[in-house]
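# Reading the structure
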Amino acid sequence: MKFETKMAAWIPLSLKMSPSASWGCRFLLGEKHSSNKLRKSLADFYRRGYAVTVQEAPVEENGSSAARFSGPLDHYTGLIRDGSLREDEHQRAVLEKLEQLHKTLGGYSNIPTSIFSKFFTKPKAPQGYYIFGDVGTGKTMVMDMFYSYVETDKKKRVHFHGFMLDVHKRIHRLKQRMPKRKAGKMAKSYDPIAPVAEEISEEACLLCFDEFQVTDIADAMILKQLFENLFLNGVVVVATSNRPPEDLYKNGLQRVNFVPFIAVLQRYCQTLRLDSGIDYRKRNRPSAGKLYFLASEPDAEATLDKMFDELAFKQNDITRPRVLNVHNRKVRLNKACGTIADCTFEELCDRPLGASDYLEISRLFDTVFIRHIPLLTLNKKTQARRLITLVDALYDHKVRVVILADYPLEDIFVHEGDHGHDEGHIELMDDLGLKREEASNLSIFSGEEEMFAFQRTVSRLTEMQTEEYWLDGDRSAKPQV
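This structure is a prediction, so every number in the text was calculated from the model and none was measured. (Residues numbered from 1 in each chain as written. Predicted model: local features only at pLDDT ≥ 70, side-chain atom pairs only at ≥ 80, totals over all residues. Heavy atoms only, no water.)

## Remarks on the overall build of the protein chain
For the record, the criterion: A helix here means a DSSP run of H or I that spans at least four residues, while a strand means a run of E at least two residues long, and both kinds are numbered starting from the N terminus. Buried means the residue's accessible area, taken with a 1.4 Å probe over protein chains only, is under 20% of the maximum for its type, while exposed means over 50%, and partly exposed covers the values in between. In these tables, accessible area is a Shrake-Rupley quantity obtained with a 1.4 Å probe, and a residue counts as shielded only by the protein chains included in the view.
For the protein chain, the helix and strand inventory stands at 20 helices and eleven strands. Residue burial in the protein chain is summarised as follows: out of 481 residues, 53% are buried. As displayed, the protein chain offers around 22,700 Å² of accessible surface, 52% of which is attributable to carbon and sulfur atoms.

## So, the environment of Glu99
The test is simple: In what follows, residue pairs with any heavy atoms lying within 4.5 Å of each other are defined as contacts.
Mapped onto the fold, Glu99 is located in helix α5 (residues 89-104). Note: C-alpha distance between Glu99 and Met145 (46 residues apart in sequence) is 9.9 Å. Every residue in contact with Glu99, bar those within four places of it in the chain, is listed here: Gly71, Pro72, Leu73 and Asp74.

## Considerations on the packing of aromatic side chains
Note the cut-off: Each Phe, Tyr or Trp ring, with Trp reduced to its six-membered ring, pairs with another whose centre is within 6.5 Å; inter-plane angles below 30 degrees give stacked pairs, above 60 give edge-to-face pairs, and intermediate values give tilted ones.
One pass over the full model with this rule turns up 19 aromatic pairs. Geometrically, the ring pair formed by Phe231 and Tyr268 is stacked, given 4.4 Å between the ring centres and 10° between the ring planes. Highlighted residues: Phe231 in helix α10 (residues 223-232) and Tyr268 in helix α11 (residues 259-268), separated in sequence by 37 residues. The class for Phe231 is buried, based on a relative accessible area of 5%. Under the relative-accessibility criterion, Tyr268 is labelled partly exposed at 24%. Members of the aromatic cluster, joined through ring pairs, are Tyr130, Phe160, Phe163, Phe209, Phe212, Phe227, Phe231, Tyr249, Phe258, Phe261 and Tyr268.

## So, the sheet that holds strand β1 (residues 128-132)
Here is the rule we go by: Between any two strands, at least two bridges found by DSSP are needed for them to pair. Only the contacting stretch of a helix is used when fitting its axis, a line to C-alpha atoms as for every element, and angles between N-to-C directions run 0 to 180 degrees.
In spatial order, the strands read β2-β3-β4-β1-β5; together these five strands make up an open sheet with parallel pairing. Either end of the sheet is taken by a strand with one partner, and the two such strands are β2 (155-159) and β5 (269-273). Within the sheet, the average angular offset between the axes of one strand and its neighbour, ignoring direction, is 15°. Examined bridge by bridge, β1 and β5 share five bridges and lie parallel to one another. From the neighbouring strand, Tyr129 faces β5, where its bridge partner is Gln270. In this fold helix α6 (residues 139-149) packs onto β1, β2, β3 (206-210) and β4 (236-241), with an angle of close to 160° to the strand it touches most, β3.

## Focus on the nonpolar core
The nonpolar side chains of soluble globular proteins are, as a tendency, buried together. Basically, it comes down to this: Residues grouped as a nonpolar core are buried Ala, Val, Leu, Ile, Met, Phe, Trp, Tyr and Cys residues, joined through side-chain atoms within 4.5 Å.
With 41 residues, the main nonpolar core has Leu348, Val368 and Leu387 as its most contacted residues. Looking at this core element by element, the count peaks at eight residues for helix α15 (residues 381-396). With sequence-adjacent residues up to four places away left out, Leu387 is seen in contact with Phe345, Cys349, Ile373, Leu376 and Phe454. With 37 residues, the next largest nonpolar core counts Ile171, Val196, Phe231 and Tyr249 among its residues.

## Comments concerning unusual backbone geometry
At Glu211, a position not held by glycine, the phi torsion is positive, near 60°. Looking at where Glu211 falls in the secondary structure, it is placed in the loop between β3 and α9 (217-220). We classify Glu211 as buried; its relative accessible area is 6%. For His372, which is not glycine, the phi torsion reads 65° and is therefore positive.

## Thoughts on the packing of helix α7 (residues 160-177) against α10
To keep things clear, this is the line we draw: Oblique is the label for any angle not under 35 degrees, not over 145, and not in the 65 to 115 range, which are roughly parallel, roughly antiparallel and roughly perpendicular in turn.
At a minimum axis distance of 13 Å, the contact between α7 and α10 shows a crossing angle of 95°. In terms of their interaxial angle, α7 and α10 are classed as roughly perpendicular. In contact with Phe160, Phe163, Met164 and Val167 of α7, α10 contributes Leu223, Leu226, Phe227 and Leu230.

## Some details on the pairing of strand β7 (residues 320-326)
By the bridge criterion, six bridges tie β7 to strand β8 (residues 329-337) in an arrangement that is antiparallel. Of the residues in β8, the one forming a bridge with Arg320 is Ala336. The loop that links β7 with its antiparallel partner β8 comprises two residues; one of these, His327, has a positive phi angle of about 50°.

## With respect to α10
Heads up, the rule is: This arc is built from the directions going out from the helix axis to the C-beta atoms.
Burial in α10 covers these residues: Leu223, Leu226, Phe227, Leu230 and Phe231. Projected down its long axis, α10 carries its buried residues within an arc of 125°, all on one side. Downstream of α10 by a residue or two, Gly234 has a phi angle that is positive, lying close to 85°.

## Thoughts on α5
What counts here: Helix span, expected: 1.5 Å multiplied by one less than the number of residues in the helix. Here a polar contact is taken to be a pair of N or O atoms separated by no more than 3.5 Å, where protein atoms must pair a possible hydrogen donor with a possible acceptor and residues adjacent in sequence count only if both atoms sit in side chains.
End to end, α5 covers 23 Å across 16 residues, agreeing with the expected 22 Å (1.5 Å per residue, within 8%). Its buried side turned inward, α5 meets α4 (72-81), β1, α6, β4 and β5. Its side-chain oxygen placed 2.9 Å from the backbone nitrogen of His90, Asp88 serves as the N-cap of α5.

## Some remarks on the sheet that holds β7
Judged by pairing direction, the sheet is mixed, and its six strands sit side by side in the order β6-β11-β10-β9-β8-β7 without closing on themselves. Of all the strands in the sheet, the pair left with one neighbour each is β6 (292-294) and β7. Ignoring strand direction, the axes of neighbouring strands in this sheet form an average angle of 30°. Bridging between strand β9 (residues 340-344) and strand β10 (residues 367-373) involves five bridges; their strand directions are parallel.

## Observations regarding the confidence of the model for the protein chain
Heads up, the rule is: Confidence of the predictor at the level of single residues is captured by pLDDT, which takes values from 0 to 100.
Residues of the protein chain with pLDDT of at least 70 account for 72%, and the chain-wide mean is 79. Note on residues 1-16: pLDDT under 50 across the span, and 47 contacts to partners over four residues away in sequence or across chains. pLDDT under 50 marks residues 26-66. Its contacts with residues more than four places away, or in other chains, come to 102 contacts.

Given below as structure tokens:
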């Protein structure tokens, strides 16, 4: 799969902007705005050409720019002046840096313009940025604002998890092309990472990553070589994360082999901290109604049944099982109707599903019911990790959720006390020759990474219960692009 670098059709911010950026804008609004005024005040914003996947600012028929802003910082200042955003000095400080990079990238290319330029030194790529801070502080918003104004058709903005899935697909494809080893002969060693990095470099000179995090050992072991080659090929990287660079893959398995990547990242990307101390997703916003139910509440199950039936009634389909085809694997969902899926936690998180499965669910459905989420203790951290990945995918695609759980959202994942390890982890400890005490410090066994990432999940699920998110997630009200 190659990155799409063609000009995207311009559509309003509310349809194309990532949820983090869109909601960063909405939650920065002053208290004086009501729900109706909110939509009215944002209408002008939507018309100004802020769509994060377009490659250039849209142009009106008379040839003038539809956007009256010169760049991301001017845009941010204008929104504050109009009363659409509230001033945040931390966001402004980051945008001042991104404004300079925006100007530097004007006319930049990492590909030789002629056959003769191959023989000369490539122009030095400008340094990128790694933006980290607590959840909900507007990191994605400022990055997307920057991205929308970079004038090149060779840029890509992608969730880091999705990017790594694509990298592994490319590696697999290149390995499949290798000639098969002849009987009795040793196969020649082949390292596909440099060619994959070159492919990506030809497709994009700017990569913007949302949610830069490393939890998979397969990712951790290749990042240094992959990014070293990307940087040497002139790719500029801007990334957002909840962790500082030195805490990436913290306490991960074989982390000693990962640590050199941190030095590479810090050499090519300046670290910026964006911490205003405010989670804008959790600010009081009009609710979409009750969307998070406790199993202890009377008739909770029947209430969800009724909600599903009401939504399904509007679909041009019947309620039936659905079988999804994900990379030649069959994933069965027991109950769905049109763009509505009614699932259990067991269906989605007890089975060995991953990001690619959740991305396919997010593509096909605009509303997902998740029933019977249990208390997630240490011996269920594998399921907790899947839930985190699932919510990330649903949130990034503005999929609406209705949840039935055993505990309130803030209390659903617990780490205190000795909850033991599941059998799979005990077997892995034995295979690695690790004692229980040694393994307890590794994030794969301790649950530390899941606890950290679950703060983002709670923040996102809180936002996903608001009226604005629910309305934005209704795909039937939007034109298909």
